[in-house]
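Structural overview
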Amino acid sequence: MRNGPMSTALLLALLFPSSLASPSTLLAQANCTPLPVVGGSGTSVTKTVTPGGAGPFFRDNWNTDFAVPADATFRRYIAKIQSTSANTTYQAGLNLKYSNGTVDESFSGSVYLPSNLSKELTGLPRRNSQPYQVNVNLGGIDAVGSSYILTVLGCY
């Protein structure tokens, strides 16, 4: 394997397969760090969407938080959603959570994920401030029973 941008792009394509990722996107992700899942292990999570509920006994599993290192200087955050189910439309949100209790909503809307493909949602931190967590919310009535793999990257 030869050294240089082409080998880096190939490696990233193997690690993060996506029909939507261009070579320039793959090269940009070379300067990214996967963030750890809060309350879990590792840097990615696989979920099957549960029905939404009312009250404390019928909670959904639509929210996932990722920890941002205290000394981070990331310029952007990328949530990579990889479908493992048939074509699904999710209601999605990407939120940057700050230590003063405020939240920046970077994305809110629907995301269509074709079977076995992926999409990315991007959030930009405030100037001179970094969030302590990145929250991704994926669910919706139409998505119940669908599965996905979620990873969040902090990028320099």
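For the structure, see preceding data.
This text gives an overview of the structure that appears in the document.

Here is what the cut-offs are and how they apply
- Residues numbered from 1 in each chain as written.
- Predicted model: local features only at pLDDT ≥ 70, side-chain atom pairs only at ≥ 80, totals over all residues.
- Heavy atoms only, no water.
- Buried < 20%, exposed > 50% of the residue type's maximum accessible area, 1.4 Å probe, protein only.
- Helix = DSSP H or I, 4+ residues; strand = E, 2+ residues; numbered from the N terminus.
- Phe/Tyr/Trp six-rings, centres within 6.5 Å; stacked < 30°, edge-to-face > 60°.
- Pairing = 2+ DSSP bridges.
- Axes fitted to C-alpha atoms, helices over the stretch in contact; angles between N-to-C directions.

Things to note about unusual backbone geometry
The backbone phi angle of Asn-116 is positive, close to 60°, even though this residue is not glycine. We classify Asn-116 as exposed; its relative accessible area is 53%. In this structure, Asn-128 takes a positive phi of about 60° despite not being glycine. Checked against the element boundaries, Asn-128 lands in the loop between β7 (118-123) and β8 (133-139). Under the relative-accessibility criterion, Asn-128 is labelled exposed at 80%.

Section: the packing of aromatic side chains
Scanning the entire structure with this criterion turns up three aromatic pairs. Plain terms: the ring middles of Phe-74 and Tyr-156 are 4.8 Å apart, the flat faces sit at 50° to each other, and that makes the pair tilted. Of the two residues, Phe-74 is situated in the loop between β3 (63-67) and β4 (76-83) and Tyr-156 in the segment after β9 (147-155); the sequence distance between them amounts to 82 residues. For Tyr-156, a relative accessible area of 52% corresponds to the exposed category. Between Tyr-90 and Tyr-148, the ring centres sit 5.7 Å apart and the planes meet at 85°, which makes this aromatic pair edge-to-face.

Considerations on the sheet that holds strand β6 (residues 103-113)
Here four strands make up an open sheet; going across it, the order is β3-β8-β5-β6 and the pairing antiparallel. Across the chains shown, the open sheet's two edge strands, defined by having one partner strand only, are β3 and β6. Strand after strand, the sheet turns through a mean of 20° between neighbouring axes, direction not considered.

Points about the pairing of β9
For β9, a buried count of eight out of nine residues is recorded, marking the element as mostly surrounded by other parts of the structure. As judged from the three bridges shared by strand β1 (residues 32-34) and β9, these two strands associate in the antiparallel manner. Paired with Cys-32 across the bridge in β9 is Cys-155. Bridge analysis of strand β2 (residues 44-48) against β9 gives five bridges, and the strand direction is antiparallel. Paired with Thr-48 across the strands is Ser-147, a residue of β9. Summarising the sheet, β4 and β9 pair through eight bridges and their orientation is antiparallel. Within β9, the residue paired with Arg-76 across the bridge is Cys-155.

Everything listed here is a matter of geometry and, on its own, says nothing about what the molecule does.
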